[in-house]
Amino acid sequence: MLQLHNGALRLFRVFGIDVYLHWTWVVVAYFMIKSRTGDYQNPAWAAAEYVSLFAIVLMHEFGHALACRSVGGEANRIILWPLGGIAYVQPPPRPGALLWSIAAGPFVNLILVPITVGLAIYTHALPVPGTDKPPDVSQYFFMLAVINAVLLVFNMLPIYPLDGGQIVQALLWFMIGPARSLLVVSVIGLSVGGAALIAAVVFVPDVWSIVLAGFIVLRSWVGFKAARTMSAHLNAPRRRDLACPNCHQSPPAGPFWICDACRTRFDTFAEEHVCPGCEKIHPRTMCPACRKMFPGVEWHEAMEDEVPEAREVFD
C-alpha cells in the first residue's frame, strides 16, 4: 500500500528504517536527466546516472542512521529529495555519539572512492568500434566517481548544517558544551549561508545556488534558536522532585514544552500536562536531555527509585 508522509512516498523499509521519496524529486529528475542525455549515445545511461547519484546519497544516509543506532540512538526514517537526503537521527546527548553519527555518512563516501575510481579507470580502456569517443559505460562510471568525490568534499565543508559543520560542532562540544558549540556553528552557517545567498541572487542568479544557500540559512537559523533554547534549559532551575525515567535528569522549570496543537509554550509539569492555550491533554512528556517521551506519572515514580546522582547533560 502506498504511504505518503509530508509529501513523500514510502518506498521500502530495511533494517527497521523507512525510506521515503519526496514528490519534488520526480519533477527535478525529469529535467536533470533530460539535460544529461547529450553526454551519452543511449539516453538510458543518463537516467541510470541520476538514479545512481541518489543510490550513493542513500548509502550515505544509511551510514548516518546505522552509526546512530550503534551508539544507542534512534534512526528510523530517511527522505530523499532534490537536494540529496535527510536521515532523521537522534543520537544520545553525548559529543562522541554525535561525532560518530555524523562522520559515518562521509565515511561511506570515502570507502566508495577507490571503488568508483577503480571502475572508472577499468571501463575507460574499453574500445568503441568506429569512434574515438569512450563507451557509455565508461562515461557512466567516470561521472559516478566524480559525483561521489564532489559529495564527499561538499559534505565535509565546515559549514552548518552540512556534515562538516556538524562534525565541528561535535568537536567543540568536548570543550565548550552542546549549547555554545551549536551556537558557534549556527552563527557561522548563518554568516556563510547569508553571504552565499546574496552572491547567488546578485552575481550568479542560479536557481540551485539560491535554493542551497537558502537551505543553509534556514537550517542555521533553526540551529541558532535551538542553541538558545538549550542555553535556557541549562540556566533554568530544576524540578528536583521529578526525574526522567530513562536518563534520571531532573526537568527544567519553565515554558520549555510546545503544544503540538496550538503551538503554545508552557510548563507541562506546572500545568499538569494540560495546554493552557487550547486545553489539550499531553499524557506523555519529552525529556529535554535524552529526548525520550514518558507518561507524566513515570516522572514521579522515577524519583522513588534509588538511582545514583546523575550528571547534568548540558554542563
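See the structure above.
As the structure is a prediction and not an experimental result, all values here were calculated from the model.

Caption draft 1: Structural detail: the nonpolar core. Judged by nonpolar contacts, the single largest core of 31 residues is most densely connected at Tyr-50, Leu-53 and Phe-54. Those elements giving two or more residues to this core turn out to be β3 (17-22), α1 (23-36), α2 (44-70), β4 (74-81), α3 (95-124) and α4 (136-155). Each residue touching Phe-54, except ones within four places of it in the same chain, is listed here: Trp-25, Leu-80, Trp-81, Pro-82 and Gly-84. Counting 12 residues, the second largest nonpolar core, distinct from the first, contains Cys-244, Trp-257, Phe-269 and Cys-290.

Caption draft 2: Examining the pairing of strand β5 (residues 84-90) more closely. Across 6 bridges, the pairing between β4 and β5 is antiparallel. Bridging across to β5, Ala-75 finds its partner in Val-89. Linking β4 to β5, which pair antiparallel, is a turn of 2 residues.

Caption draft 3: Region of the structure containing the pattern of salt bridges. This structure, assessed with the given rule, holds 7 salt bridges. Salt-bridge contacts for Arg-13 lead to Asp-18; the nearest nitrogen and oxygen are separated by 2.9 Å. A residue is classified by how much of its surface remains accessible, and Arg-13, at 48% relative accessible area, is partly exposed. The partner of Arg-239 in a salt bridge is Asp-267, with the nearest N and O atoms 2.7 Å apart. Residue Arg-239 is located in the loop between α6 (207-235) and β6 (257-258), and its partner Asp-267 is located in the loop between β7 (265-266) and β8 (284-286); the two are separated by 28 residues in the primary sequence.

About the thresholds
Residues numbered from 1 in each chain as written. Predicted model: local features only at pLDDT ≥ 70, side-chain atom pairs only at ≥ 80, totals over all residues. Heavy atoms only, no water. Core = buried A, V, L, I, M, F, W, Y, C linked by side-chain atoms within 4.5 Å. Buried < 20%, exposed > 50% of the residue type's maximum accessible area, 1.4 Å probe, protein only. Helix = DSSP H or I, 4+ residues; strand = E, 2+ residues; numbered from the N terminus. Contact = heavy atoms within 4.5 Å. Pairing = 2+ DSSP bridges. Salt bridge = Lys/Arg side-chain N within 4 Å of Asp/Glu carboxyl O.

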